[in-house]
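These are the residues of each chain, in order.
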Amino acid sequence: MSSTAPIRKDVWSRIAGSGSFLPERVVSNDELAAELASRGIETSHQWIMDRTGIAQRHLADRDTTSSQLAVEAARRALADAGVEASELDLIVVATSTPDFVFPSTACLVQAQLGARGAAAFDVQAVCSGFVYALATADSFMRAGRSSCALVIGAEVFSRLLDWNDRGTCVLFGDGAGAVVLKPSAEPGILAAKLHADGSQTGILCAAGNIAYGEIVGDPLLRMEGQAVFKQAVHVLEDVARETCDEAGVALSEVDWLIPHQANVRIINATARKLGIPAERVVITVDRHANTSAASVPLALDAARRDGRIRPGQLVMMQGVGGGFTWGAVLARM
Ligand SMILES: CC(C)(COP(=O)(O)OP(=O)(O)OC[C@H]1O[C@@H](n2cnc3c(N)ncnc32)[C@H](O)[C@@H]1OP(=O)(O)O)[C@@H](O)C(=O)NCCC(=O)NCCS
């Protein structure tokens, strides 16, 4: 996606609607700290707030899957766009917590929505997943391969966590967000930039799998927090500038910055480096914690529904996470 192919100016994809869904159960920092304390692990609301800005997270129960969260978010996005599921010809789901090894979560969503015949596949780029999926669907639309697409980020990260590791288990939550993309004569998605550095796999990974019916490796999330922090701020600044350059717009023209919601300190440092004032940054990490691929569409939907993001405004969405992956999409709403 970082090729230098010229952008077509005659075909655009536009976000026609958004939706999101969070599991009902809200767990506050105090509640989580008490739960961990009962197992001899010390943490506190103050520590979590000071280091991350997270106050609470939504956690799915053990039976709830990514596809179930995805379907609820998708139904809301379809209703918002005024689109029937039968009109969809493409479904892309970004998730690192799929229901199954296969089929894809997107196929399960397609069946539950009744969007028979629509192409359906998953994208795996961890916390950059939604931005990767949105850029993919945009490319399909610009190439004439889709005329109605559903793009979803859905995760149940709670089941990848080591609940004995206080350095990671306090950071994540579950949820899903979705958008409907439609072709438009007016500019919608203006530019997208995607990147990865696979040599940095080890700083954030769940390096296990199932083979011959057994767990091989370590399938729980492991992270070198400080390495991820430094890398995230650096690449989020770079990719924002790159995406604006590709679109031919100045950073000062961006109405809303929606960075991946991992840590309020990463978000604030990125905004500061880009010279974007705090009142133009969407933050949901305080309420949702880090929901990986769901974080950006959850934040987008929250800010559209509360009236902050209005039609015609320019929105910069950014992902960063395991892989190491990062990317951004600049969209006119
Ligand atoms: C994880 C993160 C919050 C940790 O903050 P930090 O300031 O780097 O803290 P450190 O890891 O250096 O740990 C400092 C101390 O706090 C302790 N600590 C870690 N988690 C704790 C918790 N939940 N409660 C209390 N203490 C905790 C550590 O054990 C360490 O104690 P020590 O000094 O006695 O060894 C921070 O590194 C971070 O946000 N990184 C990016 C994570 C991220 O966004 N990941 C997802 C990207 S997609």
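Residues numbered from 1 in each chain as written. Predicted model: local features only at pLDDT ≥ 70, side-chain atom pairs only at ≥ 80, totals over all residues. Heavy atoms only, no water.

Short version of the rule: UniProt positions are given in the numbering used here, feature names are shortened, and annotations may be inferred rather than shown by experiment.
For the protein, the name recorded in an unreviewed UniProt entry is Beta-ketoacyl-[acyl-carrier-protein] synthase III, with Pigmentiphaga soli as its organism. The record in UniProt for the protein states the following under Subunit (unreviewed entry): "Homodimer."

1. Remarks on the UniProt feature "domain: Beta-ketoacyl-[acyl-carrier-protein] synthase III N-terminal" (unreviewed entry) in the protein
Using the following cut-off: Helix numbers and strand numbers start at the N terminus; a helix is a DSSP run of H or I with at least 4 residues, a strand a run of E with at least 2.
In the numbering adopted here, UniProt assigns the feature "domain: Beta-ketoacyl-[acyl-carrier-protein] synthase III N-terminal" (unreviewed entry) to residues 121-198. Secondary structure within residues 121-198 divides into 23% helix and 38% strand; the distance between the first and last C-alpha atoms comes to 22 Å.

2. Some thoughts on the nonpolar core
For clarity, the threshold we go by: We call a set of buried residues a nonpolar core when its members are Ala, Val, Leu, Ile, Met, Phe, Trp, Tyr or Cys and they connect through side-chain atoms within 4.5 Å of each other. A 1.4 Å probe rolled over the protein chains alone gives each residue an accessible area, and that area as a share of the maximum for its type sets the label: buried under 20%, exposed over 50%, partly exposed in between. It only takes one pair of heavy atoms within 4.5 Å for two residues to be counted as in contact.
One finds Val 170, Leu 257, Met 316, Val 320, Phe 324 and Leu 330 to be the most contacted residues of the largest nonpolar core, which totals 52 residues. Counting only elements with at least two residues in this core, the list comes to helix 1 (29-37), strand 8 (189-196), helix 7 (225-247), helix 8 (264-274), strand 14 (314-321) and strand 15 (325-332). Considering each element in turn, this core owes the most residues, 9 residues, to helix 7. The contact partners of Leu 330, leaving out residues within four places of it in the chain, are Gly 188, Ile 189, Leu 190, Ala 191, Thr 243, Ala 247, Val 249, Val 254, Leu 314, Val 315 and Met 316.

3. Details of unusual backbone geometry
Residues Phe 102 and Pro 103 are joined by a peptide bond in cis, for which omega reads 0 degrees. Note that Pro 103 resides in the loop between strand 4 (90-94) and helix 4 (105-113). Although it is not a glycine, Val 126 adopts a positive phi angle of roughly 50 degrees. Positioned with a positive phi, Ser 292 is a non-glycine residue whose angle comes to about 55 degrees. When you line up the elements, Ser 292 lands in the loop between helix 9 (285-288) and helix 10 (295-305).

4. Here we look at the site of the ligand
As a reminder of what qualifies: By convention in these notes, a residue is near a molecule or strand provided one of its non-hydrogen atoms lies within 4 Å of it. Polar contact criterion, stated in full: a pair of N or O atoms within 3.5 Å, where within protein one must be able to donate a hydrogen and the other to accept it, and residues adjacent in sequence count only if both atoms are side-chain atoms. Shrake-Rupley sampling with a 1.4 Å probe provides the accessible areas, and residues are treated as covered by the protein chains on show and by no other component.
Thr 43, Arg 51, Arg 166, Gln 226 and Asn 263 are the nearest of the 24 residues found near the ligand. With respect to the ligand, the backbone of Gly 225 contributes an N or O atom lying 2.9 Å from a nitrogen atom. Between the ligand and Asn 263 there is a distance of 2.6 Å, counted from an oxygen atom to a side-chain nitrogen or oxygen. In the complex, 72% of the free accessible area of the ligand, which totals 960 Å², lies under the protein chains. Secondary structure elements with two or more residues in the shell around the ligand: helix 2 (45-52), helix 6 (166-169), helix 7, helix 8 and strand 14. Looking at the shell around the ligand element by element, the count peaks at 4 residues for helix 7.

5. Brief notes about the packing of helix 7 against helix 8
Counted only if it meets this: Lines fitted to the C-alpha atoms define the axes, with helices restricted to the stretch that makes contact. Angles between their N-to-C directions range from 0 to 180 degrees. We call two directions roughly parallel when the angle between them is under 35 degrees, roughly antiparallel when it is over 145, roughly perpendicular when it lies between 65 and 115, and oblique otherwise. By definition, any crossing whose near helix is turned counterclockwise from its far helix by less than a right angle is left-handed, and any crossing with a clockwise turn is right-handed.
Their axes nearest at 9 Å, the elements helix 7 and helix 8 cross at an angle of 40 degrees. Judged by the angle between their axes, helix 7 and helix 8 are oblique. Judged by the sense of rotation from one axis to the other, the crossing of helix 7 with helix 8 is right-handed. Side by side, helix 7 and helix 8 meet where Phe 229, Ala 232, Val 233, Leu 236, Glu 237, Ala 240 and Arg 241 of the first sit next to Arg 265, Ile 266, Ala 269, Thr 270, Lys 273 and Leu 274 of the second.

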